[in-house]
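Results of the structural survey
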Amino acid sequence: MCQHPTFYIVDVFAETRYSGNQLAVFRHAAHLTSQQMQALAREMNFSETTFILDESPTAGAFPVRIFTPLTEIPFAGHPTLGTAFVLQQTVLQTPVPQVTLALPVGPIPVAFEYEAETPRRLWMRQNPPEFGEVVDRELVARALGLALDEVGEPPPQVVSTGLPFIIAPLPHETALRKARLTSEPELLARLPVQAFLLFCRQPLSPENHLRVRVFAHQYGVPEDPATGSANGCLAAYLVRYSVLGDEEIDIRVEQGHEVGRPSLLFLRAARRGEMITVEVGGKVVPIAAGELIGE
């Protein structure tokens, strides 16, 4: 008889409870079908829900699947950190230095920083970035309901560390607050992808460096409170173009204020020749646990 999946709800990239990005993590999920996983992700209705397929790692990595309310995706940032946290807390139950997830994009390691044996911050090393199409500034402005001079330089570009986003710099926080993704199908169809990370250099807190918003329409997430995958792409973009004046960064990024879920992400990236390394970190706060009935 299959064990009923237990699930945990955690807030990721959260400095306090009920902030950051919510995540549901299901244990004992190997017997669930893809259709059942998708239905549970719709039921939870968080940006993502994850399913741990095996609690005995294969080649040192735990196999995990990630679903948005609309579809399965090969990689995402806050689900990776949140699932690693649940594995460390509930499966391993010891302060290990690292947990690796086996995802469709490959193994993603998550390192732990502890304080009195409690995880203080988690860091994931993302895959090397791939830089795709440079997107016309006028098209980006129209897609976001902005004037042309409200999209800055360097040019918007598709970047992926496992999931592609258009990274777009905006000159000030007024443009960031004003931005709204269009509902015009013909205009959206001209975009190489429909997921955006927008950033400006006017954070709400003087302790932070950047303020961002993420629209992930194509994944069923109108606006995401905290997006580790997109911020990894941002880190690579910042380094490639030396946006902050250097080819190495160690910064704090705000996200989620516009949707009432203040989030804080830590980005580290460095360029060495043609290689760019990217790490994204943050705190995970446990919220709730339960058991699925009737599956």
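Residues numbered from 1 in each chain as written. Predicted model: local features only at pLDDT ≥ 70, side-chain atom pairs only at ≥ 80, totals over all residues. Heavy atoms only, no water.

Comments concerning the side chain of Asp 11
Mapped onto the elements, Asp 11 comes out in strand β1 (residues 6-12). For Asp 11, a relative accessible area of 2% translates into the label buried. At a separation of 2.8 Å, a polar atom in the side chain of Asp 11 contacts the main-chain amide nitrogen of Tyr 18. Those residues in contact with Asp 11 that sit more than four places away from it in its chain are Arg 17, Tyr 18, Ser 19, Asn 21, Gln 22, Arg 261, Lys 283, Val 284, Val 285 and Ile 287. (Helix = DSSP H or I, 4+ residues; strand = E, 2+ residues; numbered from the N terminus. Buried < 20%, exposed > 50% of the residue type's maximum accessible area, 1.4 Å probe, protein only. Polar contact = N/O pair within 3.5 Å; in protein donor to acceptor, adjacent residues only side chain to side chain. Contact = heavy atoms within 4.5 Å.)

What about the nonpolar core?
A general feature of soluble globular proteins is that nonpolar side chains tend to end up buried together. Residues Ile 167, Phe 199, Leu 234 and Leu 267 are the most contacted members of the largest nonpolar core, which totals 60 residues. In terms of residue count, the dominant contributor to this core is helix α6 (residues 228-240) (8 residues). If you look at the next biggest cluster of nonpolar residues, it comprises 23 residues, including Leu 144, Leu 146, Ala 168 and Leu 191. (Core = buried A, V, L, I, M, F, W, Y, C linked by side-chain atoms within 4.5 Å.)

A short note on the pairing of strand β14 (residues 221-224)
In terms of strand pairing, strand β13 (residues 210-216) meets β14 through 2 bridges, oriented antiparallel. The partner of Ala 216 across the bridge, within β14, is Val 221. Between β13 and β14, which pair antiparallel one after the other, the connecting turn spans 4 residues, and Gly 220 there sits at a positive phi close to 80°. (Pairing = 2+ DSSP bridges.)

Quick look at empty space enclosed by the protein
One pass over the structure, following the stated rule, counts 1 cavity of 30 Å³ or more. Of the volumes computed, that of the largest cavity is approximately 100 Å³. Each residue belonging to the lining of the largest cavity can be placed in one class, and the counts come to 9 nonpolar, 6 polar and 2 charged. (1 Å grid on protein atoms, 1.4 Å probe; cavity = no way out; pocket = protein on both sides within 12 Å on 5 of 7 lines; lining within 4 Å. Points joined across faces, edges and corners; volume = space filled by probe spheres on them. Nonpolar A, V, L, I, M, F, W, Y, C, P; charged D, E, K, R; others polar.)

Looking at the packing of aromatic side chains
Scanning all chains against the criterion turns up 7 aromatic pairs. Ring geometry for Phe 7 against Phe 26: centres 5.4 Å apart, planes inclined by 40°, an arrangement best described as tilted. Of this pair, Phe 7 sits in strand β1 while Phe 26 sits in strand β2 (residues 21-26); the two residues are 19 residues apart in sequence, bridging distant segments of the chain. Phe 26 carries the same exposure label as Phe 7, and that label is buried. Arg 121 extends its terminal NZ or CZ atom over the ring of Phe 266, reaching a point 3.7 Å from the ring centre. Residue placement shows Arg 240 over the ring face of Phe 131; its charged tip is 4.3 Å from the ring centre. (Phe/Tyr/Trp six-rings, centres within 6.5 Å; stacked < 30°, edge-to-face > 60°. Lys NZ or Arg CZ within 6 Å of the ring centre and 35° of its normal.)

Overview of the pattern of salt bridges
Under the criterion given, the structure shown has 13 salt bridges. Here Glu 72 and Arg 65 are joined by a salt bridge, their closest N and O atoms 2.8 Å apart. Note that Glu 173 and Arg 211 form a salt bridge whose closest N and O atoms lie 3.5 Å from each other. Highlighted residues: Glu 173 in helix α4 (residues 173-178) and Arg 211 in strand β13, separated in sequence by 38 residues. By relative accessible area, Arg 211 is classed as buried at 6%. One salt-bridge network, in which partners are shared between bridges, spans Glu 173, Arg 177, Arg 211 and Glu 258. (Salt bridge = Lys/Arg side-chain N within 4 Å of Asp/Glu carboxyl O.)

Some thoughts on the side chain of Thr 182
Mapped onto the secondary structure, Thr 182 falls in the loop between α4 and α5 (185-189). Within the local environment of Thr 182, its side chain forms a polar contact with the backbone nitrogen of Glu 184, the two atoms lying 3.0 Å apart. With residues up to four places along the chain from it excluded, the contact list for Thr 182 reads Arg 142, Ala 143, Leu 187 and Leu 188.

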